[in-house]
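# Summary of the model geometry
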Amino acid sequence: MRKNLLKSYLSDASRLKGKVVDVVHPKSVAEVSAAVLKSDRIVIRGAGTGLAGGCVPQGDVVLDLSKMRKIGKFDRERGYITVEAGVVLDDLQDYLREYGLEFPVKPSSHVVATIGGMIATDAVGNRGVKYGKTSNWVRFVDVVDSAGRVDRKGVTEMSDYTGMEGISGIIVRACLKVDRIKKRTASLIRLERLEEVIDVVRKLKRMQNVSMIEFLDKIISKGVGFGEGYHILVEYEGDDGSLKGEDYDKIMAMRDEVYPFVAGEGYTRIEDPKVIVDRFPKLMSWLESNGIPTFGHIAVGILHPCFNVDQEGLIPEMMKLVGRLGGQVSGEHGIGLLKRGFVEINDQKILRNIKRRTDPLNKFNIGKVI
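Residues numbered from 1 in each chain as written. Predicted model: local features only at pLDDT ≥ 70, side-chain atom pairs only at ≥ 80, totals over all residues. Heavy atoms only, no water.

## What about the nonpolar core?
Inside soluble globular proteins, nonpolar side chains tend to come together where they are buried. The criterion, for reference: To define a nonpolar core, start from buried Ala, Val, Leu, Ile, Met, Phe, Trp, Tyr and Cys residues and group those joined through side-chain atoms within 4.5 Å. With a 1.4 Å probe rolled over the protein chains alone, any residue whose accessible area is under 20% of its type maximum counts as buried; one over 50% counts as exposed, and the rest are partly exposed. Counting from the N terminus, the helices are DSSP H or I runs at least four residues long and the strands are E runs at least two residues long. Every residue pair with non-hydrogen atoms within 4.5 Å of one another is taken to be in contact.
With 40 residues, the main nonpolar core has Val-197, Phe-215, Ile-232, Phe-280 and Leu-283 as its most contacted residues. Looking at this core, the elements with two or more residues in it are helix H6 (194–205), strand E12 (210–216), strand E13 (230–237), helix H10 (280–289), strand E16 (302–307), helix H11 (315–324) and helix H12 (345–358). For this core, the leading source of residues is H6, giving 6 residues. Contact partners of Leu-283, with chain neighbours within four places excluded, come to Pro-273, Val-275, Leu-303, Met-318, Leu-321, Val-322 and Leu-325. Counting 25 residues, the second largest nonpolar core, distinct from the first, contains Val-83, Val-87, Phe-103 and Ile-115.

## Regarding the pairing of strand E2 (residues 42–45)
Quick reminder of the rule: Paired strands, in this sense, are two strands between which DSSP finds at least two bridges.
The alternating pattern of E2 places Ile-42 and Ile-44 and Val-43 and Arg-45 on opposite faces, both of which are buried. Pairing of E2 with strand E3 (residues 58–64), which is carried by 4 bridges, proceeds in the parallel orientation. Looking across to E3, one finds that Val-43 is bridged to Val-62.

## Considering the packing of H6 against H10
Cut-off, in case you're wondering: Angular values range over 0 to 180 degrees, each being the angle between N-to-C directions of two axes fitted as lines to C-alpha atoms, with helices fitted over their stretch in contact. Here the word oblique covers every angle except those under 35 degrees (roughly parallel), over 145 (roughly antiparallel) and from 65 to 115 (roughly perpendicular). The crossing is said to be left-handed when, going from far helix to near helix, the turn is anticlockwise and less than a right angle, and right-handed when the turn is clockwise. Gly counts as polar in this scheme, as do all residues outside two lists: the nonpolar Ala, Val, Leu, Ile, Met, Phe, Trp, Tyr, Cys and Pro, and the charged Asp, Glu, Lys and Arg.
Two elements in contact, H6 and H10, have axes separated by 10 Å at closest approach and are oriented at 140 degrees. As judged from the angle between their axes, H6 and H10 are oblique. As for the relative orientation of H6 and H10, their crossing is right-handed in sense. Only Phe-280, Pro-281, Met-284, Ser-285 and Glu-288 of H10 make contact with H6, whose side of the interface consists of Leu-194, Val-197 and Ile-198. Split into classes, the residues belonging to the contact of H6 with H10 amount to 6 nonpolar, 1 polar and 1 charged.

Dropping the structure here:
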């Protein structure tokens, strides 16, 4: 039984396999601190939905924070709520819905994604054009350091932990900002040319009530039932969309089926390069010429090219192109194990400096990111 338990922690959604020494399931901050004091190598894990191998152990003890699910202080009037790292986003949404509130960042893995994991990768999700990254909605985080101490990090210090994929410390609790639930509608726009896509996106980005602009290429559009051509799925806060009520729910459910569709077709490696919208056609043309299905949060420049096993050898070439276009190798999934070789030298130096300062005992997520 124990052997099977350990085996289940060898990988995450990236499909990479590692080596696990032990698994600990802390139920409190005190238990996290105790586990840190007992271990020399620690990997932090939430739902295991990461696509870059960020929680794949390399001979480490895995700290599974999924049992830390307490929802704490809730200031409804000011729009603040404190939660533990293992709280699942959809569970938080269910709790907040009774008060007419929500946490507005929505990654595709919202059904299982934990708040700690979202902060660690600084998740963006499909409403990035309106609400930005997860860190925009975090007031403070409580962090356990490599000596087992708990410290609260406010806005000026949070950048050492948000988006750092657990290499600097263990986020155990966070105070989140929440917003009132909006009435939402949607429209689906069919286009034939990449230049048309850019024109439409530019216009939509200028509209204050647009909260989502999702791009689906020709392969994916047809595969999920949208039909021929490129498609832009637009979400509005208000009545401007043509799809309302059940029709809105149906189109959003179809959007959620994008990755299951491409994975089912054998395109299991999903990347997340980020380029400015004006340079999107150059990257997209390269992807199309190589038969790589692509979707993504086009308004914020994040694309999700999906590669099958035979195409994975093209990823370094794509990353070089992204670099030439002035883009980033990761827009929201993180670096983890898969993208360490693509991190620029200057960025590596910055990350190493943060690592030395925040984790002097070198305990957390060794070998990840840098």
